[in-house]
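Read off the chains here:
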Amino acid sequence: MVMPVPDRPLGCPPGLEYLTQVDQLLIHQKVELMEVILGWETNNKYMVKNSMGQQVFYVAEENDCCNRQFCGPLRSFVLHVQDNLGQEVMTLTRPLKCGSCCFPCCLQELEIQSPPGNPIGYVIQNWHPFIPKFTIQNEKREAVLKIVGPFCSCRCCADVNFDVLSMDESTKVGKISKQWTGLVRESFTDADNFGISFPMDLDVKIKAALFGACFLIDFMFFEHSK
């Protein structure tokens with residue numbers, strides 16, 4: 001089942017009209033047998049669906065073998081987001097930076113482009129010694145929303161929630177949830193499921209930035225070898 005193509009509002013980047021009709025997205029990472037059997041890191045692939053189970057996007061990582069094997073979850077990447085017609089509607093780019101919670105000199109970031117080559121939003125990690133924090137920026141690099149995660153991202157038999165908050169962190173706007181997929185899958189693969197919720201009337205470009213933030217969170221906290 002695929003989601004019907006809605007009308008594109010004025011000012012909406014081509015392909016993002018799908019996001020105007022949803023307040024939830026479900027992201028399912030494909031299980032790769034080579035990773036399960038050999039522990040050999042492959043390019044990630046994801047299916048994106050709406051709350052009715054209709055396919056909205058397909059996401060594929062572009063990366064080289066050395067980067068995947070030697071840099072692991074810290075690796076830079078380019079994620080290509082395609083609609084149901086196979087057209088690339090978004091490109092998510094993460095530069096290579098060192099990761100350390102002790103030093104704020106190399107914080108992670110992600111750029112969202114739509115159409116490819118045209119930046120429409122950014123996800124910027126904020127330094128904090130204990131809690132994952134991010135800022136969502138619009139195309140003008142203006143801060144719009146905050147994302148605040150839990151003290152511990154490792155939870156057995158439970159979802160892990162990253163709250164989407166207003167800039168003063170007083171109002172909850174939505175959330176990004178890493179969903180518990182069962183003991184066997186959690187133990188032997190790094191293929192995760194995520195859910196994203198946001199207001200239906202949120203600006204489509206900010207929805208796209210929250211969509212991108214989900215993948216940065218996946219790589220930073222859940223993309224580890226089993």
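Residues numbered from 1 in each chain as written. Predicted model: local features only at pLDDT ≥ 70, side-chain atom pairs only at ≥ 80, totals over all residues. Heavy atoms only, no water.

Selection rule: UniProt positions are given in the numbering used here, feature names are shortened, and annotations may be inferred rather than shown by experiment.
The protein carries the name Phospholipid scramblase in an unreviewed UniProt entry, which gives Culter alburnus as its organism. Looking at the Sequence similarities (unreviewed entry) heading of the UniProt record, one finds this comment for the protein: "Belongs to the phospholipid scramblase family." According to the UniProt record, the Function (unreviewed entry) comment for the protein reads "May mediate accelerated ATP-independent bidirectional transbilayer migration of phospholipids upon binding calcium ions that results in a loss of phospholipid asymmetry in the plasma membrane."

1. Observations concerning the nonpolar core
Stated precisely, the cut-off is as follows: Only buried residues count toward a nonpolar core, which is a set of Ala, Val, Leu, Ile, Met, Phe, Trp, Tyr and Cys residues joined through side-chain atoms within 4.5 Å. Each residue is assigned to one of three classes by its accessible area relative to the maximum for its type, calculated with a 1.4 Å probe on protein chains only: buried under 20%, partly exposed between the two thresholds, exposed over 50%. Helix and strand definitions follow DSSP, with helices as H or I runs of at least four residues and strands as E runs of at least two, each counted in order from the N terminus.
Of all hydrophobic cores here, the largest spans 48 residues; its most connected members are Phe57, Ile147, Ile176 and Phe211. Top contributing element to this core by residue count: helix H4 (residues 204-222), with 13 residues.

2. Points about H4
Going by this rule: Expected helix span is taken as 1.5 Å per residue step, with the number of steps being one fewer than the number of residues. As used in this structure description, the phrase polar contact means that two N or O atoms lie within 3.5 Å; if the pair is within protein, one of them must be able to donate a hydrogen and the other to accept it, and residues adjacent in sequence are counted only when both atoms belong to side chains.
When the terminal C-alpha atoms of H4 are compared, their 26 Å separation across 19 residues agrees well with the 27 Å that a helix rising 1.5 Å per residue should span. Capping the start of H4, aspartate 203 holds a side-chain oxygen 2.8 Å from the backbone nitrogen of lysine 205, two or three residues further along.

3. Some thoughts on the pairing of strand S11 (residues 172-179)
To keep things clear, this is the line we draw: DSSP bridges decide pairing: two strands pair if at least two such bridges lie between them.
As judged from the 6 bridges shared by strand S10 (residues 160-165) and S11, these two strands associate in the antiparallel manner. By the bridge assignment, aspartate 163 is partnered in S11 with lysine 175. In this antiparallel pair of consecutive strands, S10 and S11, the connection spans 6 residues, and glutamate 169 shows a positive phi of 60 degrees. Where S11 lies against strand S12 (residues 193-197), 5 bridges are found, and the strand directions are antiparallel. By the bridge assignment, serine 177 is partnered in S12 with glycine 195.

4. Digging into the side chain of aspartate 83
Going by this rule: Positive residues here are Lys and Arg, negative ones are Asp and Glu, while His and the chain termini are left out of the count. What counts as a salt bridge is simple: a side-chain nitrogen of Lys or Arg found within 4 Å of a carboxyl oxygen of Asp or Glu. For this analysis, residues touch if any pair of their heavy atoms sits within 4.5 Å.
Checked against the element boundaries, aspartate 83 lands in the loop between strand S4 (77-82) and strand S5 (88-94). Buried and unpaired, aspartate 83 has arginine 8 as its nearest opposite-charge partner, separated by 9.7 Å. In this structure, aspartate 83 is in contact with Tyr18, Val56, Phe57 and Val89, ignoring residues within four places of it in sequence.

5. Structural notes on the confidence of the model for the protein
Detail in the predicted coordinates should be disregarded across regions flagged by low pLDDT. The condition that has to hold: You can read pLDDT as the predictor saying how much it trusts each residue, on a scale of 0 to 100.
For the protein, mean pLDDT is 87; residues scoring 70 or higher make up 83% of the total. By mean pLDDT, helix H3 (residues 183-188) is the weakest element of the protein at 46, and strand S9 (residues 143-148) is the strongest at 98. Predicted confidence for residues 184-190 stays below pLDDT 50, and this span has 23 contacts to residues more than four positions away or in other chains.

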